[in-house]
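Here is how the chains run, residue by residue.
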Amino acid sequence: MAFEDPTMEKGTTSRASSGPSYEVFLSFRGPDTRHGFTDCLYHGMTSAGILVFRDDESLRVGERIGGELLQAIEKSKIYIPIFSTNYASSHWCLHELTYMVECTSKSNDSKEILPIFFNVEPADVKLKTKLYSQALSKYEKQFSTEVESWEKSLIEVDEIKGWNLKKDEGQGDPIQSVIQTVLVKLNVRFKNVTEHLVGVDDRVHSIIRMLDVEYDGVQFLGIHGIGGISKTTLAKVVYNQLSSHFEGCNFLSDIRESSQRRGPVYLQKQLLSKFLDSRSVDQIHDVDDGTNVIKRVLCKRKVLIVLDDVDDKEQLKSLAEKGNWFGSGSRIIVTTRNRSVLMAEGEVIGEVLAKKPTKTSTYEVQEMEFEHALMLFSRHAFRRDSPPYHYASLSKNVVSTLGKLPLALEVTGSFLSGKSKALWVDTCKKLQKAPPMEVQRTLMITYERLDDAQKQVFLDIACFFVNKNRTYPFYMWDECGYYPHNAIEALFLMSLIKIKDDNTFWMHDQVRDLGREIVHQENFKNPCKRSRVWNHEEALNILKRKEGSEEIEALSLGYRGDVVTQDEVANLRNLRFFEGNGVFLAGDFNNLLSRLTWLSWRCCPYEFVATNFHLPNLVILDVSCSDISEKWIGWNHIRATSKLKVLDLSYCNYLMRTPDLSMLVSLERLILEGCCNLVEIDASIGKLEHLTDLNLKGCDSLEKLPEEIGCLQALIEIVMPNTLRRLPETFGNLRSLLTFDMSHSRISKLPCSIGGLVKLRRLNLSECTKIKELPDSIGELQSLVELDLSSTSLDHLPDSIGNLKQLKVLRINRIRGITRLPSAIGLMEILEELDASGCGNLTGEIPEEIGSLSCLRILDLSSTKISGLPNSIGKLKQLKVLRINNLVGITRLPSAIWLMEKLEELHASRCYFMRGIYELPTTVSGLSNLQILNLESCPGGEQLPELPPNLFDVGISWYILGGVGGHPYAAVHEKDVRLTEIEKAKEAQSRRMSKAKERGRSTGNLRRSGGFTIAGGCPTVTVIEDVVITDIRCFLDSTTLRIFELVTLNPTPMKVRQGFES
């Protein structure tokens, strides 16, 4: 059908026939809006880079407009009908509208109509007034077959939310609103990402959860990790998925490089280019100008901004220093290798006072799962998700060698695609020595930002200390002037290392290999000219060939029984670290190894044949697992090392007495762990005035300590053997002691002087079964934060325990001798955790004074014989976890429990005599933060009250009363009732469920994350608002009760029909 409208201007030509050239199709009545609103809208959209079809400017000269107009509609993505006073008076406008509706309905949501009501009301368009209805009536004869479809189209479009504008009102803001919405709909802001996305869904979901688009404050999120780990890719995917939620978006790529080349003003202009026209942006001449414009333009807008590859705080300060620069609901995402850029003057960037609070969070990108890494590699190497059978082993070797780093996998996979197997084998060997060049270049960016000392520490870790404890290297680096605390902090913030839970260094394989390659490049051919030699064979060859040089600072032989002579180390004048476990040192070492700081000589032989073995700068000596005894000749040489700070004698099984240590005046750590035949600590230990750590763990023959132990005024930590029977009275003189662990020992009492440990923060006496009482002086430990008395033989707690004003954790669980809690317990004002579970003889009511523990967060009274909880428990306003399982003596719960707003977990299972479940209030919604409610095996429970919305785990069991004399406890055993499995669950189709999913809640397995555990006969079921239960099985003897009716969404208790099957 060809349309011709006398109101349309001719002389222009459409480009529709040349392909999908248009993004927006404007439909308007020329005389009404052509030279006013429509013209402004058209130019505003074209200035924003949107390709718009407007009939009077888009038709080619000399062609009919009918077919071309149809093609323009078909090939456009968004239709904007501008309903004006005379819109319905043009049958051409009505034809366009109908065809737009038709195209939209067939587009599978790929096209959309965005109506504008210009000086008309939606009721006019919906034909509820005479304005449009009279106009249509004029066409009933001429277009009798089309009028009905026009009416339907008008009514249908009127249902779509649009813009309602008045002719005499300002149009600037509405036009900008239309343009921003169109940009979102067109996904103009979307960033291109690789087609080979693997293993990103969970990560993206986690990031989106952290960003929480429903939160209307400003939020900063830092995505950090080593180079090449896909930080930018993740940011792009998140940006693409969230951009439609914001009024304006911008993704600034490669900020590090742009900042170096073009400076901060260029970056500020790039940021503002999405929100201002080019003329306004060009008015920015310096950083202050840019900062002021950013704050002025963006402070009222809800924006999504991604700042990619930020490596300096100044970059962030000039672009997004504070949360109040941006409008409510804005999100600022920063990708960086250096998480320190997120910190400003000790606080996280963005933490400032604004109309809404500014949230800040960080997300560390971890290495890929092996299966995902193999898939990513295969997609690049084979264009499939898994390697062919004959390449499977090689592919797995490559992926393992590359350390599952995405960039390395992509580069190497693409390189090996289509190559011969021989090249694969060579490449795999090469990768074992160094990362691919592109990966090296990426990682070197971070390395180059380190200062000289930090580089030295980084190279040491890469070559020697990956997966090694960090304690000893710190002493070496400190002696070398490398400022280890500063260096390690920098490496951590740069994502080059991590400190694992066991206090060891972790480094990504590719980062480790980069460090080793940097050392390798110091002299490509000759290892003896490199600063570090970690390859044991190369190290041995250097020594045997006497090729040592001044360049070598650290050398490791690993473990071997070779003889090392003075000639072989003569040229190692700058050696500071030497690992030669099991070697024999022979010859005259006079003036040799004078700079050696760390000697790792584990499994050293009993025979000591070296002479003049004086190491004036030795700080760490590790002779653990050796055959040496107190009569070892080597002690005569070691005593002269006045700088020695660490002496490791662990697992020296022939050591029965410690040697005279009085000359080791600098010693800070003495490790005797595992010296199973040690029976005596020499009194000279009292001379070690700098000793901070003493480890006697596993010294199973040691039963007492010398009185001189009390002279160790610097001692911070002492780890005791289990065999110790008593402590010297001088023990109370250890005024610097912070941690004292006597767990599982045979000690029967603490000395009265224990109160002298004025700095003690942690005291662990758990499993000390011979301790029957505590001295009153325990109350003098004014710095004590944690006290563990579990499984001791105490029969009471002294009243002086109330003097422990700094105590936060008190564990007295499994103490059968305790029958009551002292009222003094209420004096521990900042106590956060009290565990009295398993105190089988704890009876009566908990003292009212417990209500004074205003900071208490965790209270566990399970498996005791207490008969009641005081109403003062309601004063525990900070309580989050309450465990009162298996309280056979309790009959009711105080009503105050149901008003504890911060309570997150309530565990009250197996309280067989408790009638409180019958007395539950009609609603427990006052527990607004409750997430877990466990009332399993409590009798009664015909119905539950209305439950709070945050609940995601519920355990409920109802048992049919019977058995011996109707005794409920007997009924449990006689009926052999087992827990029910909830087999299936479906998501409730509701907004609340959607929000639950956004918060990360799942209904896939209700036992773990939302649902009921039901046992026995259950005639009624209470439904959590977010959960639909479709199938529940209850086992009772040989009969299976199946509740088969679908329970619909309902926050109140409801009945379900029951069906039985054998």
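This is a predicted model, so every value here is computed, not measured.

Moving on: the overall build of the protein. Of the regular secondary structure elements, the protein holds 31 helices and 44 strands. With 1062 residues in all, the protein has 53% of them scored as buried. Within the protein, contacts between residues separated by at least 24 positions form 58% of all contacts whose residues are at least 6 apart in sequence. Accessible area for the protein stands at about 46,800 Å²; split by element, carbon and sulfur atoms hold 47% of it.

Of all hydrophobic cores here, the largest spans 126 residues; its most connected members are Leu672 and Phe740. Taken together, the elements giving at least two residues each to this core come down to α26 (536-544), β17 (554-559), α28 (635-638) and β37 (932-935). Aside from chain neighbours lying at most four places away, what touches Phe740 is Ile718, Met720, Leu727, Phe731, Ile754, Leu760, Arg762, Leu763 and Asn764. One finds Phe458, Leu496, Val511 and Ile518 within the second-largest nonpolar core, a separate group that totals 83 residues.

Contact pair helix α22 (residues 452-465) / helix α25 (residues 509-520): the axes reach a minimum separation of 8 Å and the direction vectors enclose 110°. Between α22 and α25, the angle is such that the two are roughly perpendicular. Contact residues: Phe458, Leu459, Ala462 and Cys463 in α22; Val511, Arg512, Gly515, Arg516, Ile518 and Val519 in α25. Classifying every residue of the contact of α22 with α25 by side-chain character gives seven nonpolar, one polar and two charged.

What follows concerns a negative patch on the surface. Negative charge collects at one region of the surface, where Glu773, Asp776, Glu780, Asp795 and Asp799 lie side by side. Within the element layout of this structure, Glu780 appears in the loop between β28 (762-764) and β29 (786-788).

Okay, the packing of aromatic side chains next. Enumeration according to the criterion identifies 30 aromatic pairs in this entry. Between the aromatic rings of Tyr472 and Trp598, the centroid separation amounts to 6.0 Å while the plane-to-plane angle is 80°, which identifies the pairing as edge-to-face. Placement of the pair is Tyr472 in helix α23 (residues 471-480) and Trp598 in strand β21 (residues 598-600), with a sequence separation of 126 residues. Trp598 carries the same exposure label as Tyr472, and that label is buried. Taken together, a centroid distance of 6.0 Å and an interplanar angle of 55° make the contact between Trp601 and Phe608 tilted. Each of the two residues, Trp601 as well as Phe608, counts as buried. Taken together, the ring pairs connect Phe464, Phe465, Tyr472, Phe474, Trp477, Phe505, Phe577 and Trp598 into an aromatic cluster. Positioned over the ring face of Phe246 is Lys302, at 5.4 Å from the centre of the ring. Lying over the aromatic face of Tyr215, Lys359 brings its terminal NZ or CZ to 4.5 Å of the ring centre.

This next bit is on the pattern of salt bridges. This structure, assessed with the given rule, holds 35 salt bridges. With a closest N to O distance of 3.1 Å, Lys106 and Glu102 form a salt bridge. Take Lys106: its relative accessible area is 60%, and that puts it in the exposed class. Look at Glu102 and you get partly exposed, because its relative accessible area is 34%. A salt bridge links Arg657 to Glu680; the shortest N-O distance between them is 3.1 Å. Of the two residues, Arg657 sits in the loop between β23 (646-648) and β24 (669-671) while Glu680 sits in the loop between β24 and β25 (693-695), which places them 23 residues apart along the sequence. The exposure class assigned to Arg657 is partly exposed, which follows from its relative accessible area of 38%. Overall, Glu680 belongs to the partly exposed group, its relative accessible area being 38%. Look at the salt bridges and you will find they share partners, linking Asp460, Arg532, Glu553 and Arg576 into a network.

Turning our eyes to something else, we now look at the packing of helix α2 (residues 37-47) against helix α9 (residues 172-186). Contact geometry for α2 and α9: axes closest at 10 Å, N-to-C directions at 45°. With respect to their mutual orientation, α2 and α9 come out oblique. At the point where α2 passes α9, the crossing takes the right-handed sense. Note on element contacts: α9 touches α2 through Ile175, Val178, Ile179 and Val182, opposite Phe37, Cys40, Leu41, Gly44 and Met45. The residue makeup of the contact of α2 with α9, split by class, is eight nonpolar, one polar and no charged.

Every buried residue belonging to helix α21 (residues 437-447) is among Val439, Gln440, Thr442, Leu443, Thr446 and Tyr447, and all of these are buried. Each buried residue of α21 lies within a common arc of 165° when the element is viewed along its axis, so the set occupies one face. Facing away from the buried surface of α21 by more than 90 degrees, the exposed residues are Met437 and Arg441. Buried residues belonging to α21 abut α19 (406-416), α22 and α25.

With that out of the way, let us pick up the sheet that holds strand β7 (residues 219-224). In sheet architecture, strand pairing relies on hydrogen bonds along the backbone and comes in two forms, parallel and antiparallel. Judged by pairing direction, the sheet is parallel, and its five strands sit side by side in the order β8-β9-β10-β7-β13 without closing on themselves. Edge strands, defined here as strands with exactly one partner in the open sheet, are β8 (248-252) and β13 (359-364). Across this sheet, the average inter-strand angle for adjacent strands is 10°, counted without regard to direction. Bridge count between strand β9 (residues 303-307) and strand β10 (residues 331-336): four bridges; the pairing is parallel. In the sheet register, Ile305 faces β10, and the bridge partner there is Ile332. The strands that helix α16 (residues 313-320) touches are β7, β8, β9 and β10; relative to β9, the one it contacts most, it runs at about 160°.

Right, let's talk about the pairing of β17 for a bit. Counting buried residues in β17 gives five out of six residues, a clear majority hidden from the surface. Where strand β16 (residues 532-533) meets β17, two bridges bridge the pair, whose relative direction is parallel. Bridge pairing links Arg532 to Ala554 in β17. Traced from β16 through α26 to β17, the parallel crossover comes out right-handed. With four bridges joining them, β17 and strand β19 (residues 577-581) adopt parallel strand pairing.

This part is about the confidence of the model for the protein. Averaged over all residues, the pLDDT of the protein equals 80, while 81% of them reach at least 70. Contacts from residues 57-65, a stretch scored under 50 in pLDDT, to residues over four places away or in other chains number 31 contacts. Low confidence marks residues 957-1062, where pLDDT is under 50. Its contacts with residues over four positions away, or in another chain, come to 210 contacts.

This part takes up helix α12 (residues 255-262). Within α12, burial applies to Ile255, Arg256, Ser258 and Ser259. Packed against the buried residues of α12 are β8, α13 (264-272), β9, α16 and α21. Looking one or two places after α12, you find Gly263, whose phi comes out positive at around 90°.

Take the environment of Lys77 next. For Lys77, the location among the structural elements is in the loop between α4 (65-75) and β3 (78-83). For Lys77, a relative accessible area of 42% gives the class partly exposed. It is 9.9 Å that separates the C-alpha atoms of Lys77 and Val182, two residues lying 105 residues apart in sequence.

Let's shift gears to the environment of Arg449. The topology assignment puts Arg449 in the loop between α21 and α22. For Arg449, a relative accessible area of 39% translates into the label partly exposed. Spatially, the C-alpha atoms of Arg449 and Ala490 are 9.9 Å apart, while their sequence positions differ by 41 residues. Looking at Arg449, its side chain comes within polar contact range of the side chain of Asp311, at 3.1 Å.

Looking now at the side chain of Ser107. Looking at where Ser107 falls in the secondary structure, it is placed in the loop between α5 (91-105) and β4 (112-113). The class for Ser107 is buried, based on a relative accessible area of 10%. Reaching out from Ser107, the side chain makes a polar contact with the backbone oxygen of Thr104 at a distance of 2.8 Å.

A word on the side chain of Thr864. Within the element layout of this structure, Thr864 appears in the loop between β33 (858-860) and β34 (865-868). For Thr864, a relative accessible area of 2% corresponds to the buried category. Within the structure, Thr864 has its side chain in polar contact with the backbone oxygen of Leu861 (distance 2.9 Å). Sequence-distant contacts of Thr864, defined by excluding residues within four places in its chain, comprise Ala836, Gly838, Cys839, Leu842, Asn886, Leu887 and Val888.

For Arg383, which is not glycine, the phi torsion reads 60° and is therefore positive. The backbone of Cys603 sits at a positive phi, close to 60°, despite the residue not being glycine. Within the secondary structure, Cys603 is located in the loop between β21 and β22 (620-622). Look at Cys603 and you get partly exposed, because its relative accessible area is 31%.

The rules behind each value
- Residues numbered from 1 in each chain as written.
- Predicted model: local features only at pLDDT ≥ 70, side-chain atom pairs only at ≥ 80, totals over all residues.
- Heavy atoms only, no water.
- Helix = DSSP H or I, 4+ residues; strand = E, 2+ residues; numbered from the N terminus.
- Buried < 20%, exposed > 50% of the residue type's maximum accessible area, 1.4 Å probe, protein only.
- Contact = heavy atoms within 4.5 Å.
- Areas by Shrake-Rupley, 256 points an atom, 1.4 Å probe, with all protein chains shown as cover.
- Core = buried A, V, L, I, M, F, W, Y, C linked by side-chain atoms within 4.5 Å.
- Axes fitted to C-alpha atoms, helices over the stretch in contact; angles between N-to-C directions.
- Parallel < 35°, antiparallel > 145°, perpendicular 65-115°, else oblique.
- Nonpolar A, V, L, I, M, F, W, Y, C, P; charged D, E, K, R; others polar.
- Patch = residues over 30% accessible without salt bridge, like charges linked within 9 Å, V, L, I, M, F, W, Y side chains within 5 Å.
- Salt bridge = Lys/Arg side-chain N within 4 Å of Asp/Glu carboxyl O.
- Lys, Arg positive; Asp, Glu negative; His and termini not counted.
- Charge placed at Lys NZ, Arg CZ, Asp CG, Glu CD.
- Phe/Tyr/Trp six-rings, centres within 6.5 Å; stacked < 30°, edge-to-face > 60°.
- Lys NZ or Arg CZ within 6 Å of the ring centre and 35° of its normal.
- Left-handed = near helix turned anticlockwise from the far one by under 90°.
- Arc of directions from axis to C-beta.
- Pairing = 2+ DSSP bridges.
- Right-handed = clockwise from strand over helix to strand, strands pointing away.
- pLDDT = per-residue confidence, 0-100.
- Polar contact = N/O pair within 3.5 Å; in protein donor to acceptor, adjacent residues only side chain to side chain.

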